[in-house]
Amino acid sequence: MTGHKAGLRSDILLSPFLRRLVGGAIWSGLSEGLSRGLMVISMVIIARILGDQAFGEFGLIRTTVGMFATIGGVGLGLTANRFVAQFRDSAKAKAGELIGSTYALAVAFGLATGLVVFVCSDLLAAEVFYQPSLGGSLRYAAIILVLSSLNGAQIGVLQGLEAYNQLAIANLVQGIVGVGAFAVGAKTAGVDGALFALILYSSVGLIAYQLVIRRALAAMDIRLNFAAISSTLPI
């Protein structure tokens, strides 16, 4: 009986599912840690360069971006994660269509949310934040919102493909570029420079995620397909 239990325990520990679970958890934690850790370093650098008041303005705009990004993202990342994981092995063509549709929806919702922020930037600055001078800076947030929507969707796709190690590498590249960009941007152009750096940071993430997604799709023999966009979007 003892030998049977030991054998069963050994089978469980060596099972492919458990190895995938543990490996995914480790890489996912590393990815999240790299992303958040490098962003904290960036924020410390920006705070030291800008000073209290200017850093507060930057933080206000960044928080606004985060709030609207949550609205504009409408849970696309989680949805992509679930359905890509469900179909990536059993229905590769459907998985490719789902990824294409996810991109389309991310662009549509990101543009819609960004347009609202762009049009209402002066109103938000004057009536909500009581700082009319932030109107111009808030317009930059509209660009960041589109990029954030796409990045959120791409992260969900990568998680659905279980490409956690490649996601960690992409986050590392994005974070390292971000540290330098935030330092240079804040030093040369203050709050607006830090916002330009945030646009660059998001753009690097967009490119890095796209590269690793295409690599993962090629490895799994999944063809990215935009044919289902017309049936996904109410056009």
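Residues numbered from 1 in each chain as written. Predicted model: local features only at pLDDT ≥ 70, side-chain atom pairs only at ≥ 80, totals over all residues. Heavy atoms only, no water.

(A) Seen up close, the packing of aromatic side chains. This model, assessed by the stated rule, comprises 3 aromatic pairs. A centroid spacing of 5.8 Å and a plane angle of 40° characterise the contact between phenylalanine 182 and tyrosine 201, whose relative ring orientation is tilted. Take phenylalanine 182 and tyrosine 201: they sit in the same class, and that class is buried. Across the ring face of phenylalanine 87, the terminal group of lysine 94 is positioned such that the distance to the ring centre comes to 5.4 Å. (Phe/Tyr/Trp six-rings, centres within 6.5 Å; stacked < 30°, edge-to-face > 60°. Buried < 20%, exposed > 50% of the residue type's maximum accessible area, 1.4 Å probe, protein only. Lys NZ or Arg CZ within 6 Å of the ring centre and 35° of its normal.)

(B) Local environment of helix 3 (residues 52-73). Given a rise of 1.5 Å per residue, 22 residues ought to cover 32 Å, and the 31 Å separating the end C-alpha atoms of helix 3 matches this to within 8%. Turning to helix 3, its buried residues number three or more, namely Ala54, Glu57, Phe58, Ile61, Thr64, Val65, Phe68, Gly72 and Gly73. With its buried residues spanning 155° around the axis, helix 3 presents them on a single face. Among the exposed residues of helix 3, those oriented more than 90 degrees off its buried face are Asp52, Gln53, Thr63, Thr70 and Ile71. Note on helix 3: the residue one or two positions beyond its end, glycine 75, has a positive phi of about 70°. (Helix = DSSP H or I, 4+ residues; strand = E, 2+ residues; numbered from the N terminus. Expected span 1.5 Å × (residues − 1). Arc of directions from axis to C-beta.)

(C) Structural view of the confidence of the model for the chain. For the chain, mean pLDDT is 84; residues scoring 70 or higher make up 86% of the total. Within the chain, helix 8 (residues 164-220) carries the highest mean pLDDT (92), whereas helix 1 (residues 2-13) carries the lowest (49). (pLDDT = per-residue confidence, 0-100.)

(D) Layout of the pattern of salt bridges. Applying the stated criterion to the full structure yields 3 salt bridges. Between arginine 88 and aspartate 89 there is a salt bridge whose closest N-O contact spans 3.6 Å. On the accessibility criterion, arginine 88 (6% relative accessible area) is buried. Ionic pairing is found between glutamate 162 and arginine 88, a salt bridge with its closest N-O pair at 3.0 Å. Of the two residues, glutamate 162 sits in the loop between helix 7 (135-160) and helix 8 while arginine 88 sits in the loop between helix 4 (76-87) and helix 5 (92-119), which places them 74 residues apart along the sequence. Residues joined by salt bridges that share partners form a network here, namely Arg88, Asp89 and Glu162. (Salt bridge = Lys/Arg side-chain N within 4 Å of Asp/Glu carboxyl O.)

(E) A look at the nonpolar core. Counting residues in hydrophobic clusters, the biggest one holds 29 residues, and the most contacted among them are Ile46, Leu50, Phe58, Ile61, Phe182 and Val191. Broken down by secondary-structure element, the contributors of at least two residues to this core are helix 2 (16-50), helix 3, helix 6 (121-128), helix 7 and helix 8. Looking at this core element by element, the count peaks at 10 residues for helix 8. Those residues within four positions of isoleucine 46 in sequence are excluded, and the remaining contacts are Gly51, Phe55, Phe58, Phe182, Ala186 and Ala194. Core analysis: the second largest hydrophobic core is formed by 20 residues, Ala80, Val157, Ala170 and Ile213 among them. (Core = buried A, V, L, I, M, F, W, Y, C linked by side-chain atoms within 4.5 Å. Contact = heavy atoms within 4.5 Å.)

(F) The side chain of asparagine 171, seen in detail. Relative to the helices and strands, asparagine 171 is located in helix 8. There is a polar contact of 2.5 Å between the side chain of asparagine 171 and the side chain of tyrosine 209. Excluding residues within four positions of it along the chain, asparagine 171 makes contact with Ser31, Ser35, Leu38 and Tyr209. (Polar contact = N/O pair within 3.5 Å; in protein donor to acceptor, adjacent residues only side chain to side chain.)

(G) Structural detail: a nonpolar patch on the surface. Where nonpolar side chains cluster on the molecular surface, the patch consists of Ile169, Val173, Val177 and Leu200 and spans about 310 Å² of accessible area. Summarising the element assignment, valine 177 is placed in helix 8. By relative accessible area, which is 32% here, valine 177 ends up partly exposed. (Patch = residues over 30% accessible without salt bridge, like charges linked within 9 Å, V, L, I, M, F, W, Y side chains within 5 Å. Areas by Shrake-Rupley, 256 points an atom, 1.4 Å probe, with all protein chains shown as cover.)

(H) The environment of isoleucine 26, seen in detail. Its location among the elements puts isoleucine 26 in helix 2. A relative accessible area of 56% places isoleucine 26 in the exposed class. Separated by 139 residues in the primary sequence, isoleucine 26 and asparagine 165 have C-alpha atoms spaced 9.0 Å apart.

(I) Up close: the packing of helix 5 against helix 7. Where helix 5 contacts helix 7, the axes come no closer than 8 Å and their chain directions differ by 160°. What the angle tells us is that helix 5 and helix 7 run roughly antiparallel. Remark: the crossing between helix 5 and helix 7 carries right-handed chirality. The segment helix 5 lies against helix 7, with Ile99, Thr102, Tyr103, Ala106, Val107, Gly110, Leu111, Thr113, Gly114, Val117 and Phe118 engaging Leu138, Arg139, Ala141, Ala142, Leu145, Val146, Ser149, Leu150, Ala153, Gln154 and Val157. (Axes fitted to C-alpha atoms, helices over the stretch in contact; angles between N-to-C directions. Parallel < 35°, antiparallel > 145°, perpendicular 65-115°, else oblique. Left-handed = near helix turned anticlockwise from the far one by under 90°.)

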